[in-house]
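Chain by chain, the residues run as shown.
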Amino acid sequence: MDAVTLLNWYDAHARAMPWRVPPRSNHRADPYFVWLSEVMLQQTTVAAVKDYFVKFTTRWPSVHDLAAAADEDVMAAWAGLGYYARARNLLKCARVVADAGGTFPDTEEGLLTLPGIGPYTAAAIASIAFDLPAVVLDGNVERVMARRHAVLDPLPDSKETLRALAARHTPTIRPGDYAQAVMDLGATICTPRNPACGICPWMSECEGRMAGLAAELPRKRPKKAKPTRLGTAYLARHPNGATLLETRPPKGLLGGMLALPTTDWSDAPVAAPPLDADWQIVGEVRHTFTHFHLILTVATATATSIPERGGWVENADPNDLPTVFAKAFRLGASAM
DNA sequence: AAATCGTGGCA
DNA sequence: TTGCCAAGATT
């Protein structure tokens, strides 16, 4: 059986990660750790997640600790990791679970009802934390299945086909190890570019490789070009050292995060400084989001007046802000 | 159902 | 420099 081949490979080559229990362990990973790591890993690389995972679990060792945390502390701790709706939903989910006694649901259906847990994450927690034969379908599994079975239709059209193929491979023995094994295979051998087919445990049964198509699968629909938007960020400092910051609206881009006051971001941004001062343009920051480029002019001023929006923050730390603002903050501060 | 939502690394 | 991509969820 294909799954056994893959499990044998995983027994020898599983990557060590802070949230992972080694294969053939006689105990399972803590559902809290599995959930936290899976949410952090949504659209995010293992390398980027590691330090954040350690930081979160050191500061909040249980779901009860996280549920009791202040919103602004969790958002600041998440700053830099991106997709900030994940952090907002993380807190909502922690509080639901904590209120229910601190135990995560042990079924896919139960997990799916929680904020921030979708089809992939529910299946991942069910398999990895509870060893249930859930069908885990992430970008790795999509790629592995598209190659293994030479699926030529482009994503996302082929998604349900790939899911059915993934289901066919999912074993009833060691499903948790299997889920992590397929994803490790996709991350280390069946990679997006230059797949290492020569050392793949599924080399001999891979239809994509036999057809000479492995490296170009899965096919994807072309993406839209990103427009460029303009804006200005304002760094105001009080003579006492405080920095003018504001919390962004709870939804939308960078929602709920601490930020520098800015104009809107558009073709013709409306300049509305947060307070009246002698603003000096000190440079610009270029930053690319998921669906647009941003050129952000950075203006600085020293001021003491009452701001029209935001508030003075002592000992402000750029690391508590989303990366785009951290860049603008550092540039402005270095120019004052 | 297509759009929205971050960031850093890599070729 | 630019585009692609990563353990997706939500609306």
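Residues numbered from 1 in each chain as written. Chains lettered and ligands numbered in written order. Predicted model: local features only at pLDDT ≥ 70, side-chain atom pairs only at ≥ 80, totals over all residues. Heavy atoms only, no water.

Another aspect to go through is unusual backbone geometry. Note that the residue after leucine 155, namely proline 156, is joined by a cis bond; omega there is 5°. In this structure, the amide linkage connecting leucine 217 to the following residue, proline 218, adopts the cis form with an omega of -5°. By secondary structure assignment, the location of proline 218 is in the loop between helix H12 (207–210) and strand E1 (228–237). Of note, alanine 150 is a non-glycine position whose phi angle comes to about 45°, a positive value. Mapped onto the elements of the fold, alanine 150 is located in the loop between helix H9 (139–148) and helix H10 (159–169). The residue asparagine 315 is not glycine, and still its phi comes out positive at about 55°. Mapped onto the elements of the fold, asparagine 315 is located in the loop between strand E6 (311–313) and helix H13 (323–334). Exposure remark for asparagine 315: the relative accessible area of 74% places this residue in the exposed category. (Helix = DSSP H or I, 4+ residues; strand = E, 2+ residues; numbered from the N terminus. Buried < 20%, exposed > 50% of the residue type's maximum accessible area, 1.4 Å probe, protein only.)

What follows deals with the domain arrangement of chain A. Here the domain parsing of chain A yields domain 1 (1–211) and domain 2 (228–334). Put simply, the middle of domain 1 and the middle of domain 2, counted by C-alpha atoms, are 35 Å apart. Counting across the domain 1 and domain 2 interface gives two residue pairs in polar contact (both at pLDDT 80 or more). Its residues assigned to classes, the side of domain 1 that touches domain 2 shows five nonpolar, one polar and one charged. (Domains from an automatic or database assignment. Polar contact = N/O pair within 3.5 Å; in protein donor to acceptor, adjacent residues only side chain to side chain. Nonpolar A, V, L, I, M, F, W, Y, C, P; charged D, E, K, R; others polar.)

The subject of this paragraph is the nonpolar core. By size, the foremost hydrophobic cluster in this structure holds 93 residues, and its most contacted members are Trp35, Met40, Phe56, Trp78 and Leu185. Broken down by element, this core gets its largest block of residues, eight residues, from helix H8 (residues 119–130). Those residues in contact with methionine 40 that lie beyond four places of it in its chain are Val49, Tyr52, Phe53, Phe56, Trp78, Leu81 and Arg86. Core analysis: the second largest hydrophobic core is formed by eight residues, Tyr234, Ala236, Trp279 and Ala303 among them. (Core = buried A, V, L, I, M, F, W, Y, C linked by side-chain atoms within 4.5 Å. Contact = heavy atoms within 4.5 Å.)

The next point concerns the protein's contact with DNA strand B. In the neighbourhood of DNA strand B, 20 residues make up the surrounding shell, with Lys224, Leu254, His287, Thr290 and Thr323 lying closest. Among the atoms of DNA strand B close to the protein, meaning within 4 Å, 64% are from sugar or phosphate groups. In this structure, a phosphate oxygen belonging to DNA strand B sits 2.6 Å away from a main-chain N or O atom of tyrosine 84. A distance of 2.6 Å separates a phosphate oxygen of DNA strand B from a polar atom in the backbone of threonine 323. Looking at the surface near DNA strand B, the elements with two or more residues in it are strand E4 (280–288) and H13. For the surface near DNA strand B, the class distribution of residues is eight nonpolar, 10 polar and two charged. (Near = heavy atom within 4 Å.)

The next point concerns helix H5 (residues 71–78). Residues of H5 that are buried include every one of Val74, Met75, Ala76, Ala77 and Trp78, and no others. Where H5 ends, the next residue or the one after it, glycine 80, has phi of about 100°, a positive value.

Taken as a whole, this structure holds 15 salt bridges when the rule is applied. Residues aspartate 2 and arginine 148 are paired through a salt bridge, measuring 2.6 Å at the closest nitrogen-oxygen approach. Of this pair, aspartate 2 sits in helix H1 (residues 2–13) while arginine 148 sits in helix H9, and the two are 146 residues apart along the sequence. For aspartate 2, a relative accessible area of 18% corresponds to the buried category. Residue glutamate 142 pairs with lysine 159 through a salt bridge whose shortest N-O separation is 3.5 Å. A residue pair is termed long-range when its members are at least 10 positions apart, and glutamate 142 in helix H9 and lysine 159 in helix H10 qualify at 17 residues. (Salt bridge = Lys/Arg side-chain N within 4 Å of Asp/Glu carboxyl O.)

Before going further, it helps to examine the UniProt feature "domain: HhH-GPD" (unreviewed entry) in chain A. Mapped onto the present numbering, the UniProt feature "domain: HhH-GPD" (unreviewed entry) falls on residues 40–188. Along residues 40–188 the backbone is 64% helical and 0% strand, and the end-to-end C-alpha distance reaches 19 Å. (UniProt positions renumbered as here; feature names shortened; annotations may be inferred.)

Let us now look at the protein's contact with DNA strand C. The environment of DNA strand C is made up of 25 residues, and the closest members are Glu38, Gly116, Asp138, Asn140 and Arg143. Contact distances for DNA strand C include 3.1 Å between a base nitrogen and a side-chain N or O atom of glutamate 38.

For the rest of this paragraph, the subject is helix H3 (residues 46–59). Every α-helical turn comprises 3.6 residues, leaving residues that sit three or four positions apart pointing alike. Between the first and last C-alpha of H3 there are 20 Å, a value that for 14 residues agrees with the 20 Å anticipated at 1.5 Å per step. Among all positions in H3, only Val49, Tyr52, Phe53, Phe56 and Thr57 are buried. In this fold, the buried residues of H3 make contact with helix H2 (31–40), H5 and helix H6 (85–99). (Expected span 1.5 Å × (residues − 1).)

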